[in-house]
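Chain and residue survey
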Amino acid sequence: MCDEPPKRQKGQRGRPRKYGRKYTPKRIAHLKRTVVILPLYGKEQEVRYRSKVLMARFLKGRLVRVVWCELKSEADHWKKAHLLLSTDTTLSPEQIIEAYGERWSIESMFNQLKLSWGLKEAWQQTRQTLHRWVHLALTGYGLIQLLGYLDDQAVRQLCCHSPWRKDNPTTAGQIRKGLLLIFHHVPVRQWWNRKCRKFEPPNWREGEQNAGNSG
């Protein structure tokens with residue numbers, strides 16, 4: 001990160017400078033430090049930051065709003081500073097910090113999809129099979145999230161497998177665990193028909209014949 005280059009003086013010889021002085025930790029420490037309370041990650045948190053509009057060399061000299069942000073831990077200690085960038089220099093430092101905080105739900109989604117829904121092992125021999133796997137996993141994830149917002153007794157019953165949890169909260173993770181207990185012994189792999197390359201649950205053919213006869 002660098003300052004904007006000084007303006008070229010009249011009659012000055014040589015090539016104009018593309019960047020100004022580099023911002024070192026020593027220079028950053030001299031910037032004004034502001035302490036605020038912001039709603040982050042579902043609660044009010046104390047934050048302190050330093051900010052300045054600088055040129056980003058890795059963005060070919062584009063002006064960005066730079067925010068060095070620190071959060072206070074539960075032990076009343078300041079955590080390690082994080083560097084936040086925004087190409088919209090009209091945003092205030094508080095707006096940038098809050099915008100980064102809203103990304104937490106996306107990060108938790110990626111974490112659940114990779115570790116709980118098997119996308120960490122998402123590899124297949126063909127692209128079509130991989131796309132099917134990803135679509136099925138995302139569909140299942142979306143349905144579980146929607147069930148978490150459904151106020152229904154049947155959904156609440158799925159979350160009664162952890163009696164040590166206070167008040168048995170209805171969350172997508174708890175619903176998923178409850179469904180796993182129900183479908184854990186369902187032999188889905190045995191339904192795969194290698195000949196026609198389709199899933200055929202038990203009595204699948206009988207159900208098709210009955211449907212045809214009733215029509």
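Right above here is the structure, for reference.
As a convention, each chain's residues are numbered from 1 in the sequence order in which they are written. Local features are withheld for residues below a pLDDT of 70 in this predicted model, meaning they are given only at 70 or higher, and side-chain atom pairs are given and counted only at 80 or more; totals for whole chains, interfaces and linings count all residues. Hydrogens and water are ignored here; the side-chain numbers use all heavy atoms of the structure.

Let's shift gears to helix α6 (residues 172-183). Taking 1.5 Å of rise per residue, the 12 residues of α6 would be expected to cover 16 Å, and the 16 Å separating its terminal C-alpha atoms lies within 8% of that figure. Three exposure classes are used, based on accessible area relative to the maximum for each residue type with a 1.4 Å probe and protein chains only: buried under 20%, partly exposed in between, and exposed over 50%. Helical segments are the DSSP runs of H or I of at least four residues, strand segments are the runs of E of at least two, and each set is numbered from the N terminus. Of the positions making up α6, those classed as buried are Ala172, Gln174, Ile175 and Gly178. Projected down its long axis, α6 carries its buried residues within an arc of 160°, all on one side. In the core, the buried residues of α6 are packed alongside α4 (127-147) and α5 (153-157). Helix span, expected: 1.5 Å multiplied by one less than the number of residues in the helix. Summarising the geometry, the arc corresponds to the directions from the helix axis toward the C-beta atoms. The criterion used for residue contact is that any of the two residues' heavy atoms lie within 4.5 Å.

What follows concerns the sheet that holds strand β1 (residues 34-40). With antiparallel pairing, four strands are arranged side by side in an open sheet as β1-β2-β3-β4. Two strands bound the open sheet, and with one partner strand each, they are β1 and β4 (82-86). If you compare each strand with its neighbour and ignore which way they point, the axes differ by 40° on average. In the sheet, strand β2 (residues 43-56) pairs with strand β3 (residues 62-71) via 10 bridges, with the strands oriented antiparallel. Across the sheet, residue Ala56 finds its bridge partner in β3, namely Arg62. Along the sheet, helix α2 (residues 93-101) contacts β1, β2, β3 and β4; its crossing angle with β1, the most-contacted strand, is approximately 35°. By definition, two strands form a pair when at least two bridges between them are found by DSSP. All axes here are fitted lines through C-alpha atoms, helices being fitted over the stretch that makes contact, and every angle between N-to-C directions spans 0 to 180 degrees.

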